[in-house]
Amino acid sequence: MGSGHALQATDNVKKYGKTPVHSYSPMANAIRALSMDAVEKANSGHPGMPMGMADAATVLFAEFLKFDPKHPEWADRDRFILSAGHGSMLLYSLLYLTGYKDITLDEIKQFRQLGARTAGHPEFGYAGGIETTTGPLGQGISNAVGFALAERIEAAKYGNDVVDHYTYVIAGDGCLMEGISHEAISLAGHLKLNKLIVLWDDNEISIDGATSLSVSDDQAKRFEASGWNVIKVDGHNVEQIRSALTNAKKSDKPTMIACRTVIAHGAPTKAGTSGSHGSPLGKDEIAGTRENLEWKHDPFDVPAETLSAWRKVGEKGAAKFAEWEKRLGKLDATKRAEFERVQKGDLPKGIAEAIEQLKQKLSAEKPKHATRQSSGNTLEVLVPLMPELIGGSADLTGSVNTKVKASKAISAKDYNGNYVYYGVREHGMCAAMNGMALHGGIIPYAGTFFVFTDYCRPSIRLAALMKQRVVFVMTHDSIGLGEDGPTHQPVEHLAACRVIPNLNVIRPADGVETAEAWQIALESKETPTMLVLTRQGLPTLRTDHTKENLTAKGGYIISPAKGKAAVTIIGTGSEVSIAVEAQTKLRDKGVEAQVVSMPSMNLFDQQPAAYKKSVLGDGLKVAVEAAVQFGWEKYIGADGIFVGMTGFGESAPAPDLYKHFGITSDAIVEKVLKAR
């Protein structure tokens, strides 16, 4: 990729797909054979990348990676992240060969088939050894920054005797082209995450053809400019790979090892071409590859000697795991109990009680706070109780209220903190949080403006797909932010985020609901949460204390009618108080209404049908939300009324905007009376 690479892959690799035989050749060729055979059988996949990076991966696993297939969740294992997830057969081959029980030869044969653990791209949770879901390019290398940061944080907290591991990444040209990689690489360099080592598959090929068609970046200089150590090697030369990895582990910076490789190494006509990137090689090409590699075995057949060599690699980790368990046992009992608790993802005792006391206080004092401020007040209670809570923001700390008195900044000089200044890197921030959650022992949260979910949606989606407990604090949630205008005023974003499966989108109406939302977020082990919070102050509506977490129901009657309700007004966030005002005005006109607060549509949808019917009532239904209508139809029906936005906002003070767009109690009353 135009890197000015001084080390070229061996000439005979380029011409014939052959490399000088080395001690690991049979082991590397087993990866190549399994990869091309699986892709061929599936008639779908990417054989080129696994075949090109087989030598580097073999050296990494055989000599450097600390892992134990019998304990795939070992807290102090090294992490291997295949950022170039399209080359998934590289990972699946390694997991099978080293003895992970989840990836059998039958699973390899079922590559890309329904129900198989060997999905087209690595999917977290499908099998031990798959550390994260990759496929969307750039996500893996960005997750890796979170993994590496989590390791440094936990090492500072619990000591190097129990936390001392590396994060290794194989990334491709596409990973480095994606914009998110710039954010991640910059943050890693800034924080001097020297236990992060990236092997770049520098094969100069993309789907369209040579990478020179679209990019001419000098990647070595780019990484160096971001504070990385850079080493260039022939990616088929075992000695150079070994030396590079050895030196990388001695660096005080993160390291990028540029591995000049030939895609589909061994293939007689497709090696070094885009034809091997995303398509099966074909019967004749595979036959020629077998001849070039001197691999005289049937499809999916790995000779006993080679498989045994690989299994011995996998077995080496057992002794290291046993040694680690002994060191863990010697840790101070209190610290060990905390370490084991956070690794399990269990909450400390007293969290529910702390939330309960805060709710009582809020109901009694009735403050008028923006929900972003209420969130900050909740964190003031939670952060001192939870060492695993690691916060941050994308250069908006004062606006999103994520830093509290008990927060301590994490820096390259001191990782023993609990707050990350992510800078203006929204997408990289969210991907890093995913990595921290996947690493284990940490519950990450961080904030930015809600409109910037546009910048980080892929990472939010992956958090939901991977079932990770990540808390996205999104403030300035509507036209209520005022003068910053339509570029910063979200109107379609609630609808866009609500449709992401397994994502709890919660838009609380006051401080009590905000505290309950945080409780939901912390208790949801397999679901990320998005807190959608206001800039403007809101009255406390929950003035009668209830022990039950009503927000967890998704929707509930916050202000009942006096008698039978002819109208149900449903609101979220800042519009619930407007609905309550409308309720009073309608009563004055002889119309009884009940008000429903619906902080979370998806949580409400999970409730029993009878409960939902009791909340929504039988009468006319009105929804009020300072956003577009999409998604409200299933609650208000064809004859219902929607009071909200129909387009983009404007730049003006918030009260003027609410009047201008007709999101007022008077507008609700007028529409209800007209509909009756």
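Please read these numbers as outputs of a predicted model, since none were measured by experiment. (Residues numbered from 1 in each chain as written. Predicted model: local features only at pLDDT ≥ 70, side-chain atom pairs only at ≥ 80, totals over all residues. Heavy atoms only, no water.)

Student: An account of the overall build of the protein is requested, with residue identities and associated values reported.
Tutor: Secondary structure summary: the protein contains 28 helices and 18 strands in total. Relative to its length of 676 residues, the protein is compact, with a C-alpha radius of gyration of 28 Å against a globular reference of 26 Å. Across its three principal directions, the C-alpha atoms of the protein cover 90 × 55 × 45 Å. Within the span of the protein, comprising 676 residues, buried residues form 62% of the whole. For the protein, contacts bridging at least 24 residues in sequence account for 78% of all contacts bridging at least 6. A total of about 25,200 Å² of accessible surface is found on the protein, and carbon and sulfur atoms cover 50% of it. In the protein, which carries 75 positive and 78 negative side-chain charges, the distance between the mean positions of the two groups comes to 3 Å. (Helix = DSSP H or I, 4+ residues; strand = E, 2+ residues; numbered from the N terminus. Rg over C-alpha atoms; globule rule 2.2 N^0.38 Å. Buried < 20%, exposed > 50% of the residue type's maximum accessible area, 1.4 Å probe, protein only. Contact = heavy atoms within 4.5 Å. Areas by Shrake-Rupley, 256 points an atom, 1.4 Å probe, with all protein chains shown as cover. Lys, Arg positive; Asp, Glu negative; His and termini not counted. Charge placed at Lys NZ, Arg CZ, Asp CG, Glu CD.)

Student: Quick one: what's the story with the packing of aromatic side chains, residue by residue and with numbers?
Tutor: Going through the model one piece at a time under the given rule, you end up with 17 aromatic pairs. Aromatic rings pair up to connect F61, F67, F80 and Y100 into one cluster. One cation-aromatic arrangement involves R311 over Y96; the distance from NZ or CZ to the ring centre is 5.2 Å. Across from the ring centre of Y611, 4.8 Å away, lies the NZ or CZ of K553, which sits over that ring. (Phe/Tyr/Trp six-rings, centres within 6.5 Å; stacked < 30°, edge-to-face > 60°. Lys NZ or Arg CZ within 6 Å of the ring centre and 35° of its normal.)

Student: Run through the confidence of the model for the protein, naming residues and quoting values.
Tutor: Considering every residue of the protein, the mean pLDDT works out to 96; 97% of them sit at 70 or more. Considering only residues more than four positions removed or in separate chains, one finds that residues 1-7, a stretch of pLDDT under 50, has 32 contacts. (pLDDT = per-residue confidence, 0-100.)

Student: Go over the pairing of strand β16 (residues 593-597) with me, naming the residues and quoting the values.
Tutor: Walk down a regular strand and you will see the side chains alternate between the two sheet faces. For β16, a buried count of 5 out of 5 residues is recorded, marking the element as mostly surrounded by other parts of the structure. Two elements, strand β15 (residues 567-571) and β16, share 5 bridges in a ladder whose sense is parallel. Within β16, the position partnered with I569 by the bridge is V595. Note on the crossover from β15 through helix α23 (residues 576-588) to β16: the handedness is right-handed. (Pairing = 2+ DSSP bridges. Right-handed = clockwise from strand over helix to strand, strands pointing away.)

Student: Mind laying out the pattern of salt bridges, listing which residues take part and the relevant values?
Tutor: Oppositely charged side chains are able to pair whenever their charged atoms sit close together. In this structure the tally under the stated criterion is 26 salt bridges. R32 is the salt-bridge partner of D55, the closest N and O atoms lying 2.6 Å from each other. Remark: R32 occurs in helix α2 (residues 25-42) and D55 occurs in helix α4 (residues 54-64); sequence separation between them is 23 residues. Since its relative accessible area comes to 1%, D55 is described here as buried. Relative accessible area serves as the criterion here: at 1%, R32 is assigned to the buried category. Two residues, E151 and K195, come together in a salt bridge whose shortest N-O distance is 3.2 Å. Remark: K195 occurs in the loop between α9 (179-190) and β3 (196-202) and E151 occurs in helix α7 (residues 139-158); sequence separation between them is 44 residues. Of the residues examined, E151 reaches a relative accessible area of 1% and is grouped as buried. Several salt bridges converge on common partners, so that one network encompasses E151, R152, D164 and K195. (Salt bridge = Lys/Arg side-chain N within 4 Å of Asp/Glu carboxyl O.)

Student: Go over the sheet that holds strand β12 (residues 504-506) with me, naming the residues and quoting the values.
Tutor: Strands in a sheet are paired, the pairing made by backbone hydrogen bonds, and the direction either parallel or antiparallel. Strand order in the open sheet formed by 6 strands is β9-β8-β10-β11-β13-β12, and the pairing between neighbours is parallel. Every interior strand has two partners, whereas the edge strands, β9 (419-421) and β12, have only one. Here the average twist between neighbouring strands, direction ignored, is 20 degrees. Where strand β8 (residues 389-393) meets β9, 3 bridges bridge the pair, whose relative direction is parallel. The residue bridging G391 from the neighbouring strand is Y419, located in β9. (Axes fitted to C-alpha atoms, helices over the stretch in contact; angles between N-to-C directions.)

Student: If you had to explain helix α16 (residues 351-365) to someone new, which residues and values would you point to?
Tutor: Taking 1.5 Å of rise per residue, the 15 residues of α16 would be expected to cover 21 Å, and the 21 Å separating its terminal C-alpha atoms lies within 8% of that figure. Those residues of α16 that fall on the buried side of the exposure criterion are I351, A354, I355, E356, L358, K359, L362 and S363. Structurally, α16 contributes buried residues whose contacts are with α17 (371-382) and α22 (511-523). Residue K366 follows α16 closely and has a positive phi angle near 55 degrees. (Expected span 1.5 Å × (residues − 1).)

Student: Provide a residue-level description of the environment of E224, including the pertinent values.
Tutor: In this fold, E224 is placed in helix α10 (residues 219-225). Exposure remark for E224: the relative accessible area of 44% places this residue in the partly exposed category. Along the sequence, E224 and T255 sit 31 residues apart, while their C-alpha atoms lie 9.3 Å from each other.

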